[in-house]
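Coordinate inspection notes
Here is what each chain is made of, one letter per residue.
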Amino acid sequence: MTTRIHLLRRLAAFAGLALLPLVFASCNIFSFMDPPSGDEQILDKARACFDQGDIECAREYYGQLSDSKIDVQLSELAFVKVYEIGIGMADFMLAFGGGLDGSGLTVMANRLVGKVDSTTRQELYDAYDSILTIDDTALRGLARFVTASAFAAHILAENAGADEVFTSADLLSDSPNCTPVPGTCSNIAACAPLVANDLDDSGAVTDFDNGVIADPHLALFRGAVIAMDTGLDELDSGGSFDTGGGSLTQTLGAIDPTASLNDAACFRAEMVAQGIGQ
């Protein structure tokens, strides 16, 4: 529980504090006439624009920050991109307020269904890639966790069925004999894919790290989940977000879905066992 509260506080502090005390502006009723100067004023203006949903304004002011604020600039521009594709802080709180598990990723995925495509996938990956040079470990961990979580949800959203809702039926058959056991990949014989989609054994397990993201396949999803775990490590969470986080990231990280069709089926079965699609 302590880990969960710690992470949510950091999420609110770094990404959710667009709810700035605008009352401070009343100290000088003519302040709106003066362009902001200095990093602190520029940062306040950028965050205020973000809070108002004015993404272009936010980008403009984040871009004016000096090199001394480069870590903040990179992290908050990444948060802007996550918000822009359709995931806000309220969505993160709803998804992970009870701990990190597959059902939280499903909540986020269903915020994105019908809104995302190969273009937003590339934009989101670019946002993820941009934060890797952040020097501050905790801030890099937060930005990594946020962008990687959004990317994992993006992959799921792109593979939602015709009903435009991502469920376990988009991963496996709904046979009553398909009852995967967490951590074992047993009982998967009846767990054939119900529909044809990109959640198969294509690609390579190194694709996410190497930026090979042309198709939204299982290897990219796995890479994003591992990146989430790395972000939690950098946030000094021990790689676990309550017990669910460790189970989700470590179990899926241990399977190579590109090795064979059976391994891909095993990976999909574990996704369902971990609550994805629920």
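Residues numbered from 1 in each chain as written. Predicted model: local features only at pLDDT ≥ 70, side-chain atom pairs only at ≥ 80, totals over all residues. Heavy atoms only, no water.

**A look at the pattern of salt bridges**
For the record, the criterion: The salt bridge definition used is simple: a Lys or Arg side-chain nitrogen within 4 Å of an Asp or Glu carboxyl oxygen. The secondary structure listing takes helices from DSSP runs of H or I that are at least 4 residues long and strands from runs of E that are at least 2 residues long, numbered from the N terminus. Each residue is placed in one exposure class: buried if its accessible area under a 1.4 Å probe, protein chains only, is under 20% of its type's maximum, exposed if it is over 50%, and partly exposed if it falls in between.
In this structure the tally under the stated criterion is 8 salt bridges. The salt bridge partner of glutamate 158 is arginine 121, with a shortest N-O separation of 2.6 Å. Here arginine 121 lies in helix 7 (residues 118-130) and glutamate 158 lies in helix 8 (residues 137-158), a separation of 37 residues in the sequence. The closest approach of N and O atoms between arginine 144 and glutamate 234, which form a salt bridge, is 2.8 Å. Taken together, the residues arginine 144 in helix 8 and glutamate 234 in helix 10 (residues 218-234) connect sequence positions 90 residues apart. The burial state of arginine 144 is the same as that of glutamate 234; both residues are buried. Residues joined in a network through salt bridges with shared partners are Lys81, Glu84 and Glu123.

**Some remarks on helix 10**
An α-helical turn contains 3.6 residues, so any two residues separated by three or four positions project in the same direction. Keep this limit in mind: Under the convention used throughout, the expected extent of a helix is 1.5 Å for every residue step, that is, one less than its residue count.
The end-to-end C-alpha separation of helix 10 is 24 Å, in line with the 24 Å expected for 17 residues at 1.5 Å each. Most of helix 10 is tucked away, with 14 of its 17 residues classed as buried.

**Details of helix 7**
Quick reminder of the rule: Working definition: the arc comes from the directions between the helix axis and the C-beta atoms, pointing outward to the latter. The contact criterion used is simple: two residues touch if any of their non-hydrogen atoms lie within 4.5 Å.
Over its 13 residues, helix 7 extends 18 Å from the first C-alpha to the last, a length consistent with the 18 Å expected when each residue adds 1.5 Å. Listed as buried for helix 7 are Thr120, Arg121, Leu124, Tyr125, Ala127 and Tyr128. Taken down its axis, helix 7 places every buried residue within 155° of arc, on the same side. Buried residues belonging to helix 7 abut helix 4 (70-85), helix 8, helix 9 (207-210) and helix 10.

**What about the nonpolar core?**
To keep it simple, the criterion reads: Here the nonpolar core consists of buried residues drawn from Ala, Val, Leu, Ile, Met, Phe, Trp, Tyr and Cys, with membership extended through side-chain atoms lying within 4.5 Å.
Of all hydrophobic cores here, the largest spans 63 residues; its most connected members are Phe151, Phe221, Met271 and Ile276. Take this core: its biggest share by element is 13 residues, from helix 8. Among all residues touching isoleucine 276, those that are not within four sequence positions of it are Gly102, Ser103, Thr106, Leu156, Phe166, Ser168, Leu171, Phe221, Leu248, Leu252 and Met271. Core analysis: the next-biggest nonpolar cluster, separate from the first, contains 11 residues, Ile42, Cys57, Tyr61 and Tyr62 among them.

**What about the packing of helix 10 against helix 12 (residues 261-273)?**
Here is the rule: Geometry is summarised by axes, namely lines fitted to C-alpha atoms with helices restricted to the contacting stretch, and by angles between N-to-C directions that run from 0 to 180 degrees. Oblique is the label for every angle not falling under 35 degrees (roughly parallel), over 145 degrees (roughly antiparallel), or within 65 to 115 degrees (roughly perpendicular). Working rule for handedness: look at the near helix, and if it is turned counterclockwise from the far one by less than a right angle, call the crossing left-handed; if clockwise, right-handed. Three classes are used, and their members are as follows: Ala, Val, Leu, Ile, Met, Phe, Trp, Tyr, Cys and Pro are nonpolar, Asp, Glu, Lys and Arg are charged, and the others, Gly among them, are polar.
At a minimum axis separation of 11 Å, helix 10 and helix 12 run at an interaxial angle of 50°. Classified by the angle between their axes, helix 10 and helix 12 sit oblique to one another. Relative to helix 12, the crossing made by helix 10 is left-handed. Contact residues: Leu218, Phe221 and Arg222 in helix 10; Ala264, Phe267, Arg268 and Met271 in helix 12. For the contact of helix 10 with helix 12, a count of residues per class yields 5 nonpolar, no polar and 2 charged.

Function-wise, these values are silent; they only describe arrangement.
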